[in-house]
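Observations on the three-dimensional arrangement
Listed here are the chains, written in short residue letters.
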Number of protein chains: 2
Amino acid sequence: MTQKPISGLEPPYYTAVFTSLRPDAPEGYAETAAELRERVGSVPGFLGYESARTPGGLGITVAYFRDLEALDAWRLDATHMAAKEHGRAHWYEAYSCHIGKVERSYGFERE
Amino acid sequence: MTQKPISGLEPPYYTAVFTSLRPDAPEGYAETAAELRERVGSVPGFLGYESARTPGGLGITVAYFRDLEALDAWRLDATHMAAKEHGRAHWYEAYSCHIGKVERSYGFERE
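Residues numbered from 1 in each chain as written. Chains lettered and ligands numbered in written order. Predicted model: local features only at pLDDT ≥ 70, side-chain atom pairs only at ≥ 80, totals over all residues. Heavy atoms only, no water.

An unreviewed UniProt entry annotates chain A as Antibiotic biosynthesis monooxygenase of Streptomyces roseolus.

Structure (structure tokens):
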């Protein structure tokens, strides 16, 4: 994978940090995740997301939004809400979500 | 690993989201990371951190701080600054850092 860190976004913007514990490949997870990835891309004000997961350990997904309206539009999306409910019932051992307003950001890229 | 997602922090607090690309196990990285983990724990107002890394892919570390003063104390820590400089020279292909003020958070834990 050669995905580069998202950079160059102009503050202010919002991050939703989602940290979770779940089994490695629960039934139906990959399909739902793919559907949600496609769906969030059509939310006005969605700026991107990135995800990392230590095998057997913690997963962290960060989604970037222009403003709280965009973030809330995604939070209240019916397909997304149904997936979260299914996830609580079947996939996740635990998760946390932290919604923050980004005031500063910077990046580095090797030349 | 059975690390649980950090939860229950009372807003407002700050997150520093650090996303990076680097080789799997660059020389000296593990030792420096261990030193920094121990060192950040003594910063007043440091609330915790969590980290995930997809093998061969993106790493995401999120550090939680009570306020910007705590975050800046860590940002300007001499050992931390030297490690960042070394990382830019030797370890990282690219990274981004997003500093945000958390206004809402919530969590879930299976009973």
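Structure shown, so let's carry the discussion forward.
Side note on the UniProt feature "domain: ABM" (unreviewed entry) in chain A
Listed under "domain: ABM" (unreviewed entry) in the UniProt record, and renumbered for this structure, are residues 17–83 of chain A. Structurally, residues 17–83 of chain A comprises 39% helix and 31% strand, and the distance from its first C-alpha atom to its last is 17 Å. (UniProt positions renumbered as here; feature names shortened; annotations may be inferred. Helix = DSSP H or I, 4+ residues; strand = E, 2+ residues; numbered from the N terminus.)

Overview of the relation of the copies chain B and chain A
Once chain B is rotated about the relating axis by 180° and shifted along it by 0.0 Å, it coincides with chain A to within an RMSD of 0.0 Å. Such a turn and shift between the copies fits a two-fold axis. A high fraction, 100%, of the interface residues of chain B reappear at the interface in chain A, so the copies pair face to face through one surface. (Least-squares fit on C-alpha atoms with pLDDT ≥ 70 in both. Contact = heavy atoms within 4.5 Å.)

A word on the pattern of salt bridges
One pass over the structure, following the stated rule, counts 12 salt bridges over all chains. Between A:Glu93 and B:Arg110 there is a salt bridge, with its nearest N and O atoms 3.9 Å apart. Within this pair, whereas A:Glu93 is found in the loop between helix 3 (78–90) and strand 4 (94–109), its partner B:Arg110 is found in the segment after strand 4 (94–109), the two belonging to separate chains. Overall, the relative accessible area of 30% leaves B:Arg110 in the partly exposed class. Here the residues in one salt-bridge network are A:Asp72, A:Arg75 and B:Arg104, joined through shared partners. (Salt bridge = Lys/Arg side-chain N within 4 Å of Asp/Glu carboxyl O. Buried < 20%, exposed > 50% of the residue type's maximum accessible area, 1.4 Å probe, protein only.)

A short note on the interface of chain B and chain A
Residue-level contacts link 54 residues of chain B with 54 residues of chain A. At the boundary of chain B with chain A, total buried surface from both sides reaches about 4400 Å², with 55% on carbon and sulfur atoms. When the buried area of chain B at its contact with chain A is split by residue, B:Arg104, B:Tyr106 and B:Phe108 rank highest and sum to 17% of it. Inspection of the region where chain B meets chain A yields 4 salt bridges. Linking chain B to chain A there are 29 residue pairs in polar contact (both at pLDDT 80 or more). Residue contributions to the side of chain B that touches chain A peak at 16 residues, all from strand 4 of chain B. Grouping the amino acids of the side of chain B that touches chain A by side-chain chemistry returns 25 nonpolar, 17 polar and 12 charged. In the sheet, strand 4 of chain A pairs with strand 4 of chain B via 15 bridges, with the strands oriented antiparallel. Considered in strand 4 of chain B, the bridge of A:Ala94 is made with B:Glu109. (Buried area = accessible area lost by both parts, 1.4 Å probe. Polar contact = N/O pair within 3.5 Å; in protein donor to acceptor, adjacent residues only side chain to side chain. Nonpolar A, V, L, I, M, F, W, Y, C, P; charged D, E, K, R; others polar. Pairing = 2+ DSSP bridges.)

Considering helix 3 (residues 78–90) of chain B
Note: α-helices contain 3.6 residues per turn, so residues at a spacing of three or four share the same orientation. With 13 residues, helix 3 of chain B should cover 18 Å at 1.5 Å per step; its first-to-last C-alpha distance of 18 Å lies within 8% of that length. The opening residue of helix 3 of chain B, the one whose side-chain oxygen lies 3.1 Å from the backbone nitrogen of B:Thr79, is B:Asp77. (Expected span 1.5 Å × (residues − 1).)

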